[in-house]
Structures are given as structure tokens and as C-alpha cells.
Amino acid sequence: MQAAAELNVLSEVSKIVESTLKMPAGKLDVDAEFESFGMDSIITMELMTNLSKKFDVSITPAQFTDVNTVSELASTIKESLVENDSAVEVESQVDIQTAGQNASELDLSSIELQRNASSQVHQQTSRAKLRNSQTLRQQSLRRNNSRKANRQPALQNLLNYIEEKYSVDLGSRSFANVDEVVEVLVANHFDDLMAHYGISNSAESIEKNFLKSPIEKTSLTNDQIARQHPLQTMDIAIVGLSCHFPDAPDARTFWNNLVTEKNSIREIPKSRWDWEEHYAEAPTPGKTVTKWGALIEDVDCFDPTFFNLSADEAKVLDPQERLLLQQVYLGLEDAGIDAGRLRGSNTGVFIGYEYAEYEQYLRDHAGQIENAPLFNSSSPTYYLANRLSYLFDFCGPSESINTNCASSAVAINRAYYSLLNQESEVAVAGGVCLNLFVNDYITGSQYGMLSPDGTCGVFDDNANGFTRGEGVGVVILRRLADAERDNNRIYGVIKACHQNNRGGANDLSEIKHEAITRVIGDCYDKAGINPETIDYIEVDGYSTKWGDSFEFEGIKNVFKGQKPGHKPNRHKHCALGSVKGNIGHLEPASGIASVIKVALSLKHRRFPATITKRQVSDFIDIKQKSHPLYIADHAIEFEGIRGEQDRLIRAGVNSFADSGANVHIVLEEYVTSKQNNHLQQETAAVNQAQLFILSAKDRARLADYVDRYIDFLTAESDVEFADLIYSLQTGREAMTERLAVIATSADELLNKLTLIKDSNFLNGQGKASEFESRGIYHCDLNQAEKNPLVDSITEEMASQMVGESVQTAQWQQVALLWTNGVFVPWMEIWQGKSVQRTSLPAYPFAKQRYWLSSSDEQELDGPKISQQSIINEEIEKFDPSDYESSKTYQAPTSETEKQLVEIWAKAVDIDPEKVGVNDNFFEMGGNSLLATQLVSKIRSQLQIDLPLMAFLDVSTIAGAAEVIESIKYQQEQVDVDDELDAEFEEGAL
């Protein structure tokens, strides 16, 4: 490459512009606005390509939009050439004496720095404002002075001196005078100056060194200090996660797909919609240009009985809501948190979404669908978060968020600050996206957003739009201090989140790289993070050459001014990656997908390869040595990039929306002492008998659960047995179908679970005593007669038995107690022991189809289900004729109970002879709608004002009868009192 000084850049640029625009030589006005040339986007791209070839530098669209004239364009190209030259050439000798004189004139000595630091610290706390205004000033200065400013010897000597003394490279910038140099130093490189003089960044150190007088101290508020120098409390831990992405029903499979570079984009199956009927190769009204998608399975399936919902309620629920319900439960399981223990707690729920296709389907065909719900002009999708809070009884903030493709990232941002602001003790954040019907594919095609060839070519030279993907994901968040106190497993730590908006633009969907630079830079400033310490950024990825170049430019500018090669032997040290090549663009759920990918990377200590590109786009200058960015087109092991032994890896996540919302999240690796002493801990746990416990809602689910653990133990040879047992005992809900197995190792446990499956033990095959002799215990609390000893076991007795079992490693007694329904204080087993929660197989929800279909089955029936799911539905669907009481039958005795049995049985269509007074209304097929109707009939027939809430609190005939008798008694007392009052008044008269 020719050095910039040896090339007349303006002359060469002018020739290329004249050639591209077919103008006569010498007729070009280099100071005329580009708008006057009548250039369209095609000509602009051709010009950029021609310039890039000539000068061997990438001329990006972002750079092009920053200039208005050929003269300014030439100055920008010259700056790029200078940056490249300075990055590869040896630094020239500088006149230290002259630079030192300039530094003296500027009072840049450490003494003067400290004397004036009060105002400088205040500037640092307002860095975002300075950067914004300064960017505009620098653009103006570049246009007017870039050709001559850096040629001033005094300024050049000063810049050389600053780089030599403070390791701050300002050579790529243009300055008109010394004041501008000082302003940039203070605003953008304050941390470097403090490090040079050995001054701590802590708020206490700033007060000690800089804030001398009481007046000066009051000029910096506690809030400002906290924002500039964040404390440990700004760290938020990811303690659990769960997801269902294309070809990945759980996080473990998702990670394996990432590691094996699996692409889950394929032709849309006809079980969704017939793409051949709606497809056209070229944009055509009413047609889609794509036949591709990354879809998930079983979107029509749900397990309503697990959440105490009726079949009718399940059919009306948006499938996105149903998926969220299951994933939130599984996320809490992964965190080792029993969801029941969070009831009534300040647990916040923040859910990102965008589409409501099922709702639209029901609206469009309400006249053709039996029992279709009623809609008003408001969309019920705002219930996505609220219903989760309602069903789980979470009392923290509950928000459904629709900010387009940034929705789930905004949800994480809200959850993060909800924890910092003490609104929430635990926060659930996530997003969901389903693409059920053809309509939005057609609309996306008309807008030119979708890729005709089924790619998501982020940073690819042939990027032509995105391919739609589906998925749902959640993360469970806690304050780091709380997570460490409670021994939660931690995937990674969120160091900071930041959100902004693009602001004004030429149109609503314009991408502005300045806004991207601000949101990333402000996020790092907030956390006190030097961008130089960022190892990886998961990009938003617009999947177009133009859009991706703006995101790249926005990221690159965050690193401007840093000295190249700061990390030893690693000039290129910040990798860029994208998950879109694996699972497509999940739109509102793309942010949560990116965060889960990075969290799993921090856990497994490697960044998977990015598979979005074939050939790097010529709109990004990825090879330029003036920035640290490179594309993660191969797997990156942490130990290969860590450098210092104890340095923690950091990664950022971008999530943007064409509506202007921008979010950046920065995460950091978390390493526990146990992870550093893995071998020692594993050795200590060998040959100690443990009690494996598992429970489910019914026998079929328990059998599926056993199958999952057989597969898990077969595949995971390095599982820590003590962690597995600890996680199950302390972090799972105890349900009615229970299994306990005594084992000394994972291998022994695997053998016993295989025996259980092969012998069909859970379905009653074999003698229970024979299995108990092998340390295997099973009980269905719904079917077994209650052991009279169970009620006699007090908490103190259970605690004593646990203590004895810990001492003797004999768990038979505890196994019998737990499987028969006795509460066991599991935490007492693990006091003082080095264990931590670990990820285990998820609860196996039933897969039954719940879908409201129109009369036109072929066109409108929606996604279909597998034959296995249909079989499951036939087995598990509630049938009133098959109803048998789960309680010991007790006949009605009082007249009120007999009347209630008749009303009750009729409401749920069950033979009255089968209804006992202790049977629960909701276990008999009742739901909230039927409960309302039932109470209305009771009021009418018994002439009693029975409150609905009073009925819901008891839910049995015996309980309802007691309430009714109590109401009658109170009413009789009121009547007696009224009669006495009347007699008294008559006597008095």
C-alpha cells in the first residue's frame, strides 16, 4: 500500500467519482454536495466498490454517509490510509523536548491535573453528553480543517508526546487547536490518565485526591459517584436459563448445535402451510419470496393440568403464552429454585414479544370457530407477562414489552434495573416468537426484508435479508451477592445494561452508527469497563450488507483512540459473532437467544464459531489494523485468549430494532473456588451413598423423567454426583408421583434406573419389597392409602432422622418417609459441604394438542401434531365418565351437602354417586368459568349469598357446606337481632 503522504488522494478520488458518474474530466466540483449529483443507492455502492479497490481500504456506507462532498470523502480516505500506515509501520522518533514544552504550556503535569480534577470528574460523569456533542463538532472540524490541522508541527509533536507518555493514540483524529486535544483527553481517556499517575478509580480515591474543599465535595453527588464508579451491587447473576429453539428443545441441545455448527434453517413443512401455493421467485403481490424458516416443533402442544388450567382455557391461550409458562418453570428448575417457594414473593416478570398470529387467526375466523373467544380493540398479548405472574403468584413487576426486534433485550434491561432498584428479589426475563401462518411471510417479502435463499448472511458479501426463526427463552436473574449467599450456580454476570434510541433520522427505520457507538460506549462507561477488555461481541446482525456495515462501524468507533495491540501478541482481540446462521432471526426473541448463547459460552469457556458468512462483505474493513475486531469464524477457547491467568473473559450483546431502540448488555465470566479445585472436590465425594429423588404429576410423566435421566447419565460422563443429588433434593418441587433410589455413584444410579425401566416397575410389575431391598422406593400419593404414621412425623423427628442418615449413610428410612409424603429438610444434609446446583434434565411436560380450528380444516387448521402426541391425548384427556375420586370416598350427610352434590355433579357432568364431599372441584374437570356458573346456581337454588372467593378458597363440597352453614347462622343471628330491636322499639314507644 502506498503511504498517504505519497499519494494525491483528492486527485485520485476525483478521477474515480468522474468515471463512476460518467462526468467529463476536470468538470467535478470537489466542494459540491453529493445530493447535487443525483446519485442513487446503486451508483453509491458502485462508487464505494471502486474506491475500495483503488485504495485497498474498505469504504463503508457509514463513512460515506458522514461526508457531504468529494473533498470530505478524500479526507476520510486519507485518514484511513494514515491509520493503516501507523498500525504497521514503526513509530517515528519524536521531539520529546518540544512536546514537553507544549505539555508544560497546557499544564498537563500531575500536580495541575489533580488541582483541576473536580471539574474533570464531573465531565467524566457526563461523558455521554460530551461524546454526543463532540461527535458533531469533530465531524464539522474534519470537513473544514482535516487537510491542514494535523500538519501543524506543534500539534503533531503534542500528539506524539501524549501517545508516548500516556499510551493514548489520538493520531487518527483531527484537531484545530490545543483546547480540543485537552477536551478529548479528559472526556474519553480519563481512566488512562488516572492509571498513568497510579490513582485508583474508586469513588473514595477520587474524593481523597481531588475533592479538597467542602464546596468541591458537594459538587459530586453520591448518585454521580455510583454511576461513574459502580459498586459490586451493580452485578447481576444469571442463575438459571431455559429455551426451546429450532432443533433444540433445551439448552443442552442448543449448545451442542452451536458447537457442531448446525444450521437449523430448512424448507417450511406443509404441516404449517403449503409454501408451493404461496411462493414466487420474484416479489409479487400476495406471494412470498422465501420458502425457508427455522421453526420449532410442538407449538400446538401443552400440559394444562400441570398449571391447573382446563382444556377450554388452554385452547384459547396464545401458544406463545403456553410455551412461556413451561419455559419459566423449567428456567426456575435450572436455577435450583422450587417455583412454589416464590409464591407471594417480589419476583418480577419481563417478557418481550412482537407478534400475535394465533389471536389474529381467531379474530379473522371467529364465525367459523366453535367457542371462539370475544375480543375488543385491545390485544390480549399484554397478558403474556401478567398471566405468568398470576399463575405462579409472583408479586413483583410484571411487564409485556413490544419494541420490535429489541423486545427481549429491553425486557432483560428492565429486569436488570428492577433488581438494582430493589423492586424484585428474583427476575424472570425472556422473549418468545412464533411464525404460525403465511401472512407475515408475504408482508416481509413485500418490504424486501426476507432472504430468498434461506440465509442470514451477517457480514457476508452476498447478504440479502434474514430468514425467520422461532423460539422461546428465559433467564433467571438475581443480584450477585444474593446468588453467592444462597449458593446458586452462576452462568455469568451481567456487568451493565444500557438502552437508547436512534433519535431523529431520514426515516423511521434508518440505522445510525453514532447511536450504536453511544449505546455500547455508555454501557461500558456505566460499569467502569475499558472497551479494550472486551473479548467478544454477539452482534445484532441486520443480514444486509448496508445494515451490517453500520453496526460494524458503530462497534469499531467504540474502540477508537485505544492503542492497538494493548493485549500482548493479540492485535485483533475482539471477536464478532452471530447466532442467526444457526437458528435464523427470532425477531423479538433474538436478544434472549443471543444472551443465552453468550451465557452458555461463559459456562463452557469457549465461543462457538459463527456460520453466517461465506465471503466477508467488502462494506466492512475487517482486516484494517487500526481496530481490534475480527469475525469468530472458528471456535475460540478461552484459555487461548485469556492472557493473564486470572483475567475474566468479557462479552457484549447487541440488540437493535428498526424502530430505533438500541440495547447493549455486557457479561463477564464467573469462576468459583470449586471450579478451580474441581478434581479435589470430585475425589471427596466418591463412594458416599446418596438418595436420588424424582417426582412428577403422574406416572406417565415420571416414566418419561426416568428415560431422560437414563439418557443424561449415559451421555454425561463427567457429571458430579453430589451436585446432581443436591440439585434434586433442594431445588425441585415435590409432586405426587415419587421415586427414590439409593446409589453411591452415577454409574450405580444409571444401572438402577435402567432396571426400573426394563422391569416396568412404575406400572406395578414386580414386588415392591424386592425393589426396596435394592434401595428403590416408589409411591403414588394419589392412589396409596395414607400411612397413619405420616401425620405423626413432626419436623423435629424428620430432622433427627435426616441427621442419623447423614452420619450412617443409610437412607432407607428417609426414602420411605419422603415417598409417602413426609416433608424432609434436605438443606440440613448439605450444611458445610462444597456442592453447587447444576443443570439437569428438564421436567417432561405432557404433549397434548390444544387448538381452536375453523370449519375449513385444510386451510386454517394450523400446525399439526405428531401421532405420539395424539396417543398421549387419548390417554390423558379428562373424561367425566371415567372419573374416580382421588380421595377416600365420603358420602354427603347434611342436607346442604346433598344439595351441593347434585349441583356439583351437574356442573361438571359427573355421576352424583361418584362425587364425595372431599373431592376437589378443579380436579374433577372444573375451571374458573364453571366455578362462576356453579356459585351462581348455588346462590339461586339455596337462596344464599355465597361469595365466589369463599368458594375458591375451599373448592370442596364439605368446605362449601361449612361456609354456607356459617353464612346461614350469621344471617339467622342478624334476623334475631332485628326482631329484638323491633320489639324494643315497640316497647319504648
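Residues numbered from 1 in each chain as written. Predicted model: local features only at pLDDT ≥ 70, side-chain atom pairs only at ≥ 80, totals over all residues. Heavy atoms only, no water.

Participant: Which parts of the structure should I look at to understand the overall build of the protein chain?
Facilitator: When helices and strands are tallied, the protein chain shows 42 helices and 20 strands. Counting across all 989 residues of the protein chain, residues that qualify as buried make up 53%. Across the protein chain, every contact between residues at least 6 apart in sequence was considered, and the portion connecting residues at least 24 apart equals 76%. Counting only carbon and sulfur atoms, one obtains 48% of the accessible surface of the protein chain, whose full area is about 44,300 Å². (Helix = DSSP H or I, 4+ residues; strand = E, 2+ residues; numbered from the N terminus. Buried < 20%, exposed > 50% of the residue type's maximum accessible area, 1.4 Å probe, protein only. Contact = heavy atoms within 4.5 Å. Areas by Shrake-Rupley, 256 points an atom, 1.4 Å probe, with all protein chains shown as cover.)

Participant: Explain helix H1 (residues 9-20) here, please?
Facilitator: Residue pairs spaced three or four apart in an α-helix point in one direction, given the helix's 3.6 residues per turn. When the terminal C-alpha atoms of H1 are compared, their 16 Å separation across 12 residues agrees well with the 16 Å that a helix rising 1.5 Å per residue should span. What H1 keeps buried is the set Val 9, Glu 12, Val 13, Ser 14, Ile 16, Val 17, Glu 18 and Thr 20. Once H1 finishes, Lys 22 follows within two positions and takes phi at roughly 60°, a positive value. (Expected span 1.5 Å × (residues − 1).)

Participant: When you look at the sheet that holds strand E15 (residues 650-656) in this model, what are you seeing that I'm missing?
Facilitator: Think of a sheet as strands paired side by side through backbone hydrogen bonds, with each pair either parallel or antiparallel. One open sheet accounts for 11 strands, arranged E6-E5-E7-E8-E1-E9-E16-E15-E10-E11-E13; its pairing is mixed. Whereas interior strands pair on both sides, the edge strands pair on one side only; in this sheet they are strand E6 (398-401) and strand E13 (629-631). In this sheet, adjacent strand axes meet at a mean angle of 25° when their direction is disregarded. In this sheet, strand E9 (residues 492-501) lies alongside strand E1 (residues 236-244) in antiparallel orientation, the contact comprising three bridges. Pairing of Ile 238 across the sheet is with Gly 492, part of E9. Sitting on the sheet, helix H20 (residues 383-392) is in contact with strand E5 (347-352) and E6, with an inclination near 155° to E6. (Pairing = 2+ DSSP bridges. Axes fitted to C-alpha atoms, helices over the stretch in contact; angles between N-to-C directions.)

Participant: I'm lost on the sheet that holds strand E18 (residues 737-743) in this one. Help?
Facilitator: Across the sheet, which stays open at both edges, the three strands sit in the order E17-E18-E19 with antiparallel pairing between neighbours. Where the open sheet ends on each side, the last strands, each with one partner, are strand E17 (690-696) and strand E19 (776-780). Put simply, the sheet's adjacent strands are angled 15° from each other on average, direction ignored. The pairing of E17 with E18 spans seven bridges and is antiparallel. Bridging across to E18, Phe 692 finds its partner in Val 741. Lying over the sheet, helix H36 (residues 812-819) contacts E17, E18 and E19, oriented at roughly 170° with respect to E18.

Participant: Got a minute to help me understand the nonpolar core in this structure?
Facilitator: General note: in soluble globular proteins, nonpolar side chains tend to be found buried as a group. One finds Phe 692, Leu 724 and Leu 753 to be the most contacted residues of the largest nonpolar core, which totals 100 residues. Three or more residues apiece are contributed to this core by two domains, here domain 2 (265-668) and domain 3 (690-830). Here Leu 724 is in contact with Phe 692, Phe 712, Leu 713, Val 719, Leu 749, Thr 838 and Leu 840, once residues within four sequence places are set aside. Ranked by size, the runner-up nonpolar core spans 87 residues in total, among them Ile 412, Ile 516, Cys 523 and Leu 586. (Core = buried A, V, L, I, M, F, W, Y, C linked by side-chain atoms within 4.5 Å. Domains from an automatic or database assignment.)

Participant: I would appreciate a short explanation of the pattern of salt bridges in the present structure.
Facilitator: Any two side chains of opposite charge can pair, on the condition that their charged atoms come close. All told, the structure shown has 43 salt bridges when counted by the stated rule. When the shortest N-O distance is used, the salt bridge between Glu 333 and Arg 732 registers 3.9 Å. Here the residue Glu 333 occupies a position in helix H18 (residues 319-334), and Arg 732 occupies one in the loop between helix H32 (721-730) and E18, the gap between them amounting to 399 residues. Each member of the pair Glu 333 and Arg 732 is classed as buried. Between Asp 486 and Arg 478 there is a salt bridge, with the nearest N and O atoms lying 2.9 Å from each other. Overall, the relative accessible area of 29% leaves Asp 486 in the partly exposed class. Its relative accessible area of 9% is what places Arg 478 among the buried residues. (Salt bridge = Lys/Arg side-chain N within 4 Å of Asp/Glu carboxyl O.)

Participant: It is not clear to me how the packing of helix H35 (residues 795-808) against H36 should be interpreted in this structure. Could you clarify?
Facilitator: Helix packing geometry: the angle between the two helix axes and the distance between the axes. At a closest axis distance of 9 Å, the pairing of H35 and H36 adopts a crossing angle of 140°. Where H35 abuts H36, its residues Met 801, Val 802, Glu 804 and Ser 805 lie against Gln 813, Val 814 and Leu 817. Classifying every residue of the contact of H35 with H36 gives four nonpolar, two polar and one charged. (Nonpolar A, V, L, I, M, F, W, Y, C, P; charged D, E, K, R; others polar.)

Participant: Is there a simple way to explain the pairing of E1 in this structure?
Facilitator: Two faces belong to every sheet, and in a regular strand the side chains alternate between them. Summarising burial for E1: nine of the nine residues are buried, a large majority. Note: E1 against strand E8 (residues 471-479), eight bridges, orientation antiparallel. Opposite Ile 236, over in E8, you have Arg 479 as the bridge partner.

Participant: Honestly, the packing of aromatic side chains in this entry has me stumped. Any pointers?
Facilitator: The description of two aromatic rings rests on the distance between their centres and on the angle between their planes. In the structure shown here, the tally under the stated rule is 30 aromatic pairs. Measuring from ring centre to ring centre gives 4.8 Å for Phe 306 and Tyr 329, while their planes differ by 80°; the resulting arrangement is edge-to-face. You can see Phe 306 sitting in the loop between strand E4 (301-302) and helix H17 (311-316) and its partner Tyr 329 sitting in helix H18, a full 23 residues away along the chain. Exposure class is identical for Phe 306 and Tyr 329. Each is buried. Seen in terms of ring centroids, Phe 307 and Phe 392 are 6.2 Å apart; in terms of plane orientation they differ by 85°. Their pairing is edge-to-face. With Phe 307 in the loop between E4 and H17 and Phe 392 in helix H20, this pair connects stretches of sequence that are 85 residues apart. For the pair shown, Phe 307 and Phe 392 are each scored as buried. Each member of the aromatic cluster is reached from another via a ring pair, and the members are Phe 302, Phe 306, Phe 307, Tyr 329, Phe 392, Phe 394, Phe 692, Tyr 705, Tyr 709, Phe 712, Tyr 843 and Phe 845. Above the face of the Tyr 383 ring, Arg 387 is positioned so that its terminal group lies 5.7 Å from the ring centre. Against the face of Phe 619 rests Lys 545, its NZ or CZ located 4.3 Å from the ring centre. (Phe/Tyr/Trp six-rings, centres within 6.5 Å; stacked < 30°, edge-to-face > 60°. Lys NZ or Arg CZ within 6 Å of the ring centre and 35° of its normal.)

Participant: I keep staring at unusual backbone geometry and nothing clicks. Help me out?
Facilitator: Most peptide bonds take the trans form, and the phi angle of most residues other than glycine is negative. Positive phi values are uncommon outside glycine, yet Glu 261 reaches one of about 60°. With respect to the element layout, Glu 261 can be found in the loop between helix H15 (251-259) and strand E2 (266-267). Overall, the relative accessible area of 42% leaves Glu 261 in the partly exposed class. Despite not being glycine, Gln 943 has its phi angle at roughly 50°, a positive value. Structurally, the position occupied by Gln 943 is in the loop between helix H40 (928-942) and helix H41 (948-954). According to the relative accessible area criterion, Gln 943 is exposed, its value standing at 68%.

Participant: Which parts of the structure should I look at to understand the side chain of Asp 548?
Facilitator: Position of Asp 548 among the secondary structure elements: in helix H25 (residues 545-558). Excluding its chain neighbours within four sequence positions, the residues that come into contact with Asp 548 are Gly 457, Val 458, Phe 459, Gly 541, Tyr 542, Ser 543 and Ile 620.

Participant: Would you mind going over the confidence of the model for the protein chain with me for this structure?
Facilitator: Low-pLDDT portions of the prediction should not be read for the details of their coordinates. Looking at the protein chain as a whole, its pLDDT mean stands at 81, while 78% of the residues score no less than 70. For residues 856-861, every residue scores under 50 in pLDDT, and the model assigns this stretch 10 contacts once sequence neighbours within four places are set aside. Of the regions scoring below 50 in pLDDT, residues 864-880 engages in 28 contacts with residues more than four places distant in sequence or in other chains. (pLDDT = per-residue confidence, 0-100.)

Participant: Just to check I follow, could you spell out the environment of Gly 348 for this structure?
Facilitator: Its place among the elements puts Gly 348 in strand E5. Classification of Gly 348 as buried rests on a relative accessible area of 0%. Sequence separation of Gly 348 and Ala 429 is 81 residues, and the distance between their C-alpha atoms is 8.2 Å. Discounting residues that sit within four places of it in the chain, Gly 348 has contacts with Gly 396, Pro 397, Ser 424, Val 426, Ala 427 and Val 428.

Participant: So what exactly am I meant to see when it comes to the pairing of E15 here?
Facilitator: Burial within E15 is extensive, with seven of its seven residues counted as buried. Two elements, strand E10 (residues 536-538) and E15, share three bridges in a ladder whose sense is parallel. Each residue of the ladder has a partner; that of Tyr 536, found in E15, is Ala 651. Bridging between E15 and strand E16 (residues 661-668) involves seven bridges; their strand directions are antiparallel. Its bridge partner lying in E16, Arg 650 is registered against Glu 668.

Participant: What exactly am I supposed to notice about the packing of helix H24 (residues 513-527) against H25 here?
Facilitator: Across the interface, H24 lies against H25 with an axial gap of 8 Å and an inter-helix angle of 40°. With respect to each other, H24 and H25 are oriented oblique. As for how H24 packs across H25, the hand of that crossing is right-handed. In this structure, H24 uses His 513, Ile 516, Thr 517, Ile 520, Gly 521 and Tyr 524 to contact H25, whose residues at the interface are Phe 550, Glu 551, Glu 553, Gly 554, Ile 555, Asn 557 and Val 558. Looking at the contact of H24 with H25 residue by residue, the class counts come to six nonpolar, five polar and two charged. (Parallel < 35°, antiparallel > 145°, perpendicular 65-115°, else oblique. Left-handed = near helix turned anticlockwise from the far one by under 90°.)

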